[in-house]
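One letter stands for each residue in the lines below.
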Amino acid sequence: MSQTSNTPYEALEVGQTASYSKTVEERDIQLFAAMSGDHNPVHLDAEYAAGTMFKERIAHGMFSGALISAAVACELPGPGTIYLGQTMRFTLPVKLGDTLTVRLEILEKLPKFRVRIATRVFNQRDELVVDGEAEILAPRKQQTVELTELPPIRIG
């Protein structure tokens, strides 16, 4: 098991940043389709996707949204954070094999522990693929938690 610590509201500073990265693999697309119920063939069928404007399979847009959620929940502010809202604008498609990096930046501290965070996702070429902003309730107290290890998941 691994541990992570949060950054409580009082310790957050405008301009503070954090990042989280993940490479998009076939398994991720299959699991996301199974979990979400989104079986759009542009994500799952190479022959179908070849006839689209993308010319190849692409990841679900909300897969990037899930990575933003992971970054906010596990990196900044971290455990104890409550999501209030998220905007996202998809600027480029995400392809299998892309390495996505979520970059978070504290934009504004609001009353009652609320915080605005820039949530931008870049691919391995440093191209912006998702531009967004989150509003969250920051944790009130500093804490360190154990991250639960997930059991192995089989597809098939």
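So, a few notes on the structure that sits alongside this text.

Parameters and conventions
Residues numbered from 1 in each chain as written. Predicted model: local features only at pLDDT ≥ 70, side-chain atom pairs only at ≥ 80, totals over all residues. Heavy atoms only, no water. Pairing = 2+ DSSP bridges. Helix = DSSP H or I, 4+ residues; strand = E, 2+ residues; numbered from the N terminus. Axes fitted to C-alpha atoms, helices over the stretch in contact; angles between N-to-C directions. Contact = heavy atoms within 4.5 Å. Expected span 1.5 Å × (residues − 1). Buried < 20%, exposed > 50% of the residue type's maximum accessible area, 1.4 Å probe, protein only. Phe/Tyr/Trp six-rings, centres within 6.5 Å; stacked < 30°, edge-to-face > 60°. 1 Å grid on protein atoms, 1.4 Å probe; cavity = no way out; pocket = protein on both sides within 12 Å on 5 of 7 lines; lining within 4 Å. Points joined across faces, edges and corners; volume = space filled by probe spheres on them. Nonpolar A, V, L, I, M, F, W, Y, C, P; charged D, E, K, R; others polar.

1. Focus: the sheet that holds strand β5 (residues 114-122)
So, point 1. Ordered by their spatial adjacency, five strands build an open sheet running β2-β4-β5-β6-β3, and the pairing between neighbours is antiparallel. If you trace the sheet from one side to the other, it starts and ends with β2 (17-23) and β3 (82-90), each paired once. Averaged over all neighbouring strand pairs, the angle between strand axes comes to 20°, with direction disregarded.
So, point 2. Note: β2 against strand β4 (residues 99-109), seven bridges, orientation antiparallel. Bridged to Lys 22 within β4 is Leu 100.
So, point 3. With respect to the sheet, helix α4 (residues 61-74) is in contact with β2, β3, β4, β5 and β6 (128-137), its orientation differing from that of β3 by roughly 140°.

2. A short note on α4
So, point 1. Here α4 is 14 residues long and its end C-alpha atoms lie 21 Å apart, about the 20 Å a rise of 1.5 Å per residue gives.
So, point 2. Those residues of α4 that fall on the buried side of the exposure criterion are Phe 63, Ser 64, Gly 65, Leu 67, Ile 68, Ala 71 and Val 72.
So, point 3. Next to the buried residues of α4 lie β2, α1 (26-36), β3, β4, β5 and β6.

3. Digging into unusual backbone geometry
So, point 1. In this chain, Leu 76 is followed by Pro 77 through a cis amide linkage whose omega measures 0°.
So, point 2. Of note, Pro 77 is situated in the loop between α4 and β3.
So, point 3. One non-glycine residue, Phe 113, lies in the positive phi region at around 70°.
So, point 4. We classify Phe 113 as partly exposed; its relative accessible area is 24%.

4. Here we look at the packing of aromatic side chains
So, point 1. Going through the model one piece at a time under the given rule, you end up with two aromatic pairs.
So, point 2. Summarising the aromatic geometry, the rings of Tyr 9 and Phe 113 are spaced 5.3 Å apart at their centres and angled 70° between planes, so their arrangement reads as edge-to-face. Within this pair, whereas Tyr 9 is found in the loop between β1 (2-5) and β2, its partner Phe 113 is found in the loop between β4 and β5, the two being separated by 104 residues in sequence.
So, point 3. A centroid spacing of 5.9 Å and a plane angle of 80° characterise the contact between Phe 32 and Phe 63, whose relative ring orientation is edge-to-face. Of this pair, Phe 32 sits in helix α1 while Phe 63 sits in helix α4, and the two are 31 residues apart along the sequence.

5. Here's the deal with the layout of surface pockets
So, point 1. Its boundaries defined by the atoms lining it, the largest pocket holds a volume of some 650 Å³.
So, point 2. Surrounding the largest pocket, 20 residues form its lining, Tyr 20, Lys 22, Ala 70, Thr 148 and Leu 150 being those nearest its centre.
So, point 3. At the level of elements, β2, α1 and α4 are the ones that each hand at least two residues to the lining of the largest pocket.
So, point 4. Of the residues assigned to the lining of the largest pocket, the class counts are 14 nonpolar, two polar and four charged.
So, point 5. Considering only enclosed or pocket space, the second largest pocket measures out at about 170 Å³ in volume.
So, point 6. Surrounding the second largest pocket, 14 residues form its lining, Ile 58, Gly 61, Phe 90, Leu 92 and Pro 93 being those nearest its centre.
So, point 7. Counting only elements with at least two residues in the lining of the second largest pocket, the list comes to α4 and β6.
So, point 8. Across the lining of the second largest pocket, the residue classes tally to nine nonpolar, five polar and no charged.

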